[in-house]
Amino acid sequence: LKKLRIAIDGPAAAGKSTVAKIVAGKLSYLYIDTGAMYRSLTYKALSSNVDLHDENALNQLLSETTIELEPSEVGQLVYLDGNDVTDEIRQASVTNSVSHVAVHSGVREEMVKRQQLLAKEGAVVMDGRDIGTHVIPDAEIKVFLLASVDERAQRRHEENLSKGYPSDLEQLKGEIARRDKIDSEREVAPLKKAEDATEIDTTSLSISEVVDQIMLLVERKG
Ligand code: C5P
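Residues numbered from 1 in each chain as written. Predicted model: local features only at pLDDT ≥ 70, side-chain atom pairs only at ≥ 80, totals over all residues. Heavy atoms only, no water.

The name an unreviewed UniProt entry gives the protein is (D)CMP kinase, with Rossellomorea vietnamensis as the organism.

Encoded structure:
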């Protein structure tokens, strides 16, 4: 089989990481969660009181930062400067700030450079917002996952409750919509379907149905 590069983009909480992990597992490919990289920098900035609107300070911070993504049974462990921050980067404080960090062009340039290095050898499933448009514009397979805000909030709500986290459905709807708005309206590499991406509306699909559709695309390329 060829070592394909599979780009999965879409708005917040559309199920990208769930689906990407399963597809990567089936193909024995590397799964790379690029959102975790922006989240890690955001977590570090918040922890070290760096102003999220100060682009130079963030560029400097990122230049002194290592972010490692390590495959694991749960999908992926995230190491920030050698420390496991897999859980910390999912905190609400990070989720609600990360889009402000991700608007800066210098930050994005450096992140994209690191992501391209990770994807260089192929056999990767990478998820994010700009993978098909900027990180791997020549990816063999590009998927854009969509679902309504209500559906995405509902799924995230159920996920939170099942993990025993406190969760407020209306609040989730607001947070998801706000994050999508910032991600879609930013000047540099906004969230956008690549022209040659296959759009999958997951609103009324199960996880395995979405996975099957992507595997079909893979088989056609194989
Ligand atoms: O995918 P996840 O929800 O973890 O991404 C967190 C945030 O990181 C997104 O809302 C977006 O602001 C930013 N991001 C990005 N480009 C990517 C991946 C994530 O701007 N490729």
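After presenting the structure, the write-up continues.
Counting 23 residues, the largest nonpolar core has Ile6 and Val23 as the members making the most contacts within it. The set of elements that each furnish at least two residues to this core consists of strand 1 (5-9), helix 1 (16-27), strand 7 (141-146) and helix 10 (207-221). Of the residues forming this core, the biggest block, 6 residues, is contributed by helix 10. The contact partners of Val23, leaving out residues within four places of it in the chain, are Ile6, Val125, Val211, Ile214 and Met215. Grouped together as the second largest cluster of nonpolar side chains are 20 residues, Leu52, Leu61, Val98 and Val101 included. (Core = buried A, V, L, I, M, F, W, Y, C linked by side-chain atoms within 4.5 Å. Buried < 20%, exposed > 50% of the residue type's maximum accessible area, 1.4 Å probe, protein only. Helix = DSSP H or I, 4+ residues; strand = E, 2+ residues; numbered from the N terminus. Contact = heavy atoms within 4.5 Å.)

Let us now look at the site of the ligand. Around the ligand, 16 residues are found, and the nearest of them are Arg39, Arg108, Asp130, Arg179 and Asp183. Between a nitrogen atom of the ligand and a side-chain N or O atom of Thr34, the distance comes to 3.0 Å. Within the side chain of Arg108, one N or O atom sits 2.7 Å away from an oxygen atom of the ligand. The protein chains hide 95% of the 460 Å² of surface that the ligand would expose on its own. Counting residues per element, the ones that place at least two in the shell around the ligand are helix 2 (34-47), helix 5 (98-101) and helix 9 (169-185). (Near = heavy atom within 4 Å. Polar contact = N/O pair within 3.5 Å; in protein donor to acceptor, adjacent residues only side chain to side chain. Areas by Shrake-Rupley, 256 points an atom, 1.4 Å probe, with all protein chains shown as cover.)

Turning our eyes to something else, we now look at the sheet that holds strand 1. The strand order 2-6-1-7-8 describes an open sheet built from 5 strands, whose pairing is parallel. Each having just a single partner strand, strand 2 (30-33) and strand 8 (198-201) make up the two edges of the open sheet. Across this sheet, the average inter-strand angle for adjacent strands is 20°, counted without regard to direction. Both strand 7 and strand 8 contribute to a ladder of 4 bridges, which runs parallel. Each residue of the ladder has a partner; that of Val143, found in strand 8, is Thr198. The strands touched by helix 2 are strand 2 and strand 6 (124-128); relative to strand 2, the strand with the most contacts, the crossing angle is about 40°. Packed on one face of the sheet, helix 10 meets strand 1, strand 7 and strand 8 and runs near 165° to strand 7. (Pairing = 2+ DSSP bridges. Axes fitted to C-alpha atoms, helices over the stretch in contact; angles between N-to-C directions.)

Before going further, it helps to spend a moment on the layout of surface pockets. Rolled over the atoms, a probe sized like a water molecule indicates the empty space that remains. In this model, the second largest pocket occupies a volume close to 320 Å³. Lining of the second largest pocket is provided by 19 residues; of these, Leu30, Tyr31, Ile32, Leu69 and Gln76 occupy positions nearest its centre. Secondary structure elements with two or more residues in the lining of the second largest pocket: helix 1, strand 2, strand 3 (67-70) and helix 6 (105-119). Grouping the amino acids of the lining of the second largest pocket by side-chain chemistry returns 11 nonpolar, 4 polar and 4 charged. (1 Å grid on protein atoms, 1.4 Å probe; cavity = no way out; pocket = protein on both sides within 12 Å on 5 of 7 lines; lining within 4 Å. Points joined across faces, edges and corners; volume = space filled by probe spheres on them. Nonpolar A, V, L, I, M, F, W, Y, C, P; charged D, E, K, R; others polar.)

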